[in-house]
Amino acid sequence: VPLVSAELVLRAGQSANPLAQPGLAGFTAAMLQEGTRARSAQDIAAQLADLGASFASHAGRDDARLELGSLKSAFEPALTLLADMALNPAFDAAEVERVKKTRLAALLQQRENASQLATVVAARAYYGAQHPLGASALGTEQSVAAIDRAALVNFWQTHYRADQAALVVAGDISEAQLRELAQRLFGNWAPPAVAGVQPAQGLPALAAPTDARLVVVNKADAPQTALVLVGPGSRAGQPDE
């Protein structure tokens, strides 16, 4: 079919969050489609709509992803938009405040959702408070409220780097076409002169699970109950994975 999908994958997930700033990775990823130096958030939305392209940016546990899908005929301008969002985010102060309010509202909703709350509590119970994966991916009310433009710019400069990124493309496009396009859009994306934080190497060696075998969050008026069983698994990149 005449479709192409692309993902720009970076070592900029929740595991890269400073302990004092849970939610920073997700906040940064959410801001990428909220404007660049050359395009406003409205411009980006309108251009994606005109191209019939889908786009999403989010941060998982270990990586951040910019995901794009389009018709083959629209892939070049669509990937141009993705490159602009990854390499030239504006982090406009007004947009930062708007997204902050959205994420604070999401935290309130999270507490009312049994499955989401159980997942958050299970992560804290297994990883512990002194591990970046021990907090909600959204962060806390205190950490989200404290995030400002400077914190977002610093996280982006530290972790959104050419030497920590991979462009993965599948669909109706040849390798030669893709190489030419990628070189044109990302060829000047140079690694920083001084190596910054390496998220994959910066995690605590081990999780610090609670001694409790059963953790209960009692909400008497909850219409649903969620159960999570949590235990160790293989780390990303390990042979046993």
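Computed from a prediction, not measured in an experiment: that's the story for all the values here.

Chemist: Tell me what's going on with the pattern of salt bridges, and back it up with residues and numbers.
Modeler: Scanning the model with the defined rule gives 14 salt bridges in all. Notably, a salt bridge pairs Asp 172 with Lys 72, separated by 3.7 Å at the nearest N-O pair. Here Lys 72 lies in the loop between β3 (64-71) and α3 (75-87) and Asp 172 lies in the loop between β4 (165-171) and α8 (175-186), a separation of 100 residues in the sequence. Here Asp 172 falls in the partly exposed class, since its relative accessible area comes to 31%. What makes Lys 72 partly exposed here is its relative accessible area of 39%. Among the salt bridges present, the one from Arg 161 reaches Asp 163, with a minimum N-O distance of 2.7 Å. Judged by relative accessible area, Asp 163 falls into the partly exposed class, the value being 38%. Here the salt bridges do not stand alone but share partners, grouping Glu 7, Asp 63 and Arg 65 into one network.

Chemist: Provide a residue-level description of the packing of aromatic side chains, including the pertinent values.
Modeler: Enumeration according to the criterion identifies three aromatic pairs in this entry. Centroid distance Phe 91 to Trp 156: 6.3 Å. Interplanar angle 65°. Geometry classified as edge-to-face. You can see Phe 91 sitting in the loop between α3 and α4 (93-112) and its partner Trp 156 sitting in helix α7 (residues 149-159), a full 65 residues away along the chain. Trp 156 matches Phe 91 in its accessibility class, with the two residues each being buried. Arranged with centres 5.0 Å apart and planes meeting at 80°, the rings of Tyr 126 and Tyr 127 form a pair that is edge-to-face. Each of the two residues, Tyr 126 as well as Tyr 127, counts as buried.

Chemist: If you had to explain the sheet that holds strand β1 (residues 3-10) to someone new, which residues and values would you point to?
Modeler: Strand order in this open sheet of four strands is β2-β3-β1-β4, and the pairing throughout is antiparallel. Looking at which strands have only one partner, the edges of the open sheet turn out to be β2 (54-59) and β4. For this sheet, the mean angle separating the axes of adjacent strands, direction not counted, is 10°. Of the strand pairs in this sheet, β1 and β3 are connected by eight bridges, and their pairing is antiparallel. Counted as the bridge partner of Leu 3 is Leu 71 from β3. Contacts from α3 reach β1, β2, β3 and β4, with the element oriented near 160° to β3.

Cut-offs used in this document
Residues numbered from 1 in each chain as written. Predicted model: local features only at pLDDT ≥ 70, side-chain atom pairs only at ≥ 80, totals over all residues. Heavy atoms only, no water. Salt bridge = Lys/Arg side-chain N within 4 Å of Asp/Glu carboxyl O. Helix = DSSP H or I, 4+ residues; strand = E, 2+ residues; numbered from the N terminus. Buried < 20%, exposed > 50% of the residue type's maximum accessible area, 1.4 Å probe, protein only. Phe/Tyr/Trp six-rings, centres within 6.5 Å; stacked < 30°, edge-to-face > 60°. Pairing = 2+ DSSP bridges. Axes fitted to C-alpha atoms, helices over the stretch in contact; angles between N-to-C directions. Contact = heavy atoms within 4.5 Å.

Function cannot be inferred from these measures alone, as they are strictly geometric.
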